[in-house]
Structures are given as C-alpha cells and as structure tokens.
Amino acid sequence: MHADLLLTARHIETLGRDRPGQALAVTEGRSAAVGTADETAALRGPATVVHEFPGATVVGSDVRLHPARNS
C-alpha cells in the first residue's frame, strides 16, 4: 500500500516517539508511518503527494474540533 501524502522535514515530532523522524506518511487521512526518509521510501507511490520542508520542525497532533456554544 502506498501513502497518499509524504511529508519530509528536518524534524518531525510526534507523541509516543523518543526521537524525531524526518518523514511522515499519511494514508486515508491518518498517520501511517514516521521515520527516516529511507524508512518511509517504500510507502511512496506514483500518486503520492510529497511536500518537503527541509529546514522546518513539524509537530504532529491529533486535534478534534468541537463547536463552542454560548451559555
């Protein structure tokens, strides 16, 4: 299976990892893998969209938005 999106950066910080990665693969809107560019290279396919941020630090999160209501 190939990733829909592959994001590369100097550092990719995620919860649950003791070291930053340099690549993040996303499949069907969810993180599929985080690691080095070599570790995620097998997930890159012909239709994979690639975004490169060579000097950036990317911080991953799982954000769910909920509407605020006036009380």
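Predicted model, so just to flag it, every value in this text is computed and none were measured.

## Re the nonpolar core
In terms of nonpolar packing, the biggest core is built from 5 residues, these being L7, A9, I12, L24 and V26. If you list the elements that add at least two residues to this core, you get strand 1 (5-13) and strand 2 (21-27).

## Some words on the confidence of the model for the chain
The pLDDT averaged across the chain works out to 83; a share of 82% of its residues lies at or above 70. When pLDDT is averaged over each helix and strand of the chain, the minimum, 87, is found for strand 3 (residues 30-35) and the maximum, 92, for strand 4 (residues 49-59).

## Quick word on the pairing of strand 2
The element strand 2 is extensively covered by neighbouring structure, given that 6 of its 7 residues are classed as buried. In this structure, strand 1 lies alongside strand 2, joined through 5 bridges in antiparallel fashion. Bridge pairing in strand 2 links L7 to L24. Where strand 2 and strand 3 come together, 5 bridges link them in antiparallel fashion. Bridging across to strand 3, A25 finds its partner in A33. The antiparallel pairing of strand 2 with strand 3 creates a hairpin that spans 2 residues between the two strands, and E28 there sits at a positive phi of about 55°.

## Digging into the side chain of T27
Note on placement: T27 falls in strand 2. On the basis of relative accessibility, which here comes to 13%, the residue T27 falls in the buried class. Once residues within four sequence positions are removed from consideration, T27 is found in contact with M1, H2, A3, D4 and A32.

Cut-offs applied
Residues numbered from 1 in each chain as written. Predicted model: local features only at pLDDT ≥ 70, side-chain atom pairs only at ≥ 80, totals over all residues. Heavy atoms only, no water. Core = buried A, V, L, I, M, F, W, Y, C linked by side-chain atoms within 4.5 Å. Buried < 20%, exposed > 50% of the residue type's maximum accessible area, 1.4 Å probe, protein only. Helix = DSSP H or I, 4+ residues; strand = E, 2+ residues; numbered from the N terminus. pLDDT = per-residue confidence, 0-100. Pairing = 2+ DSSP bridges. Contact = heavy atoms within 4.5 Å.

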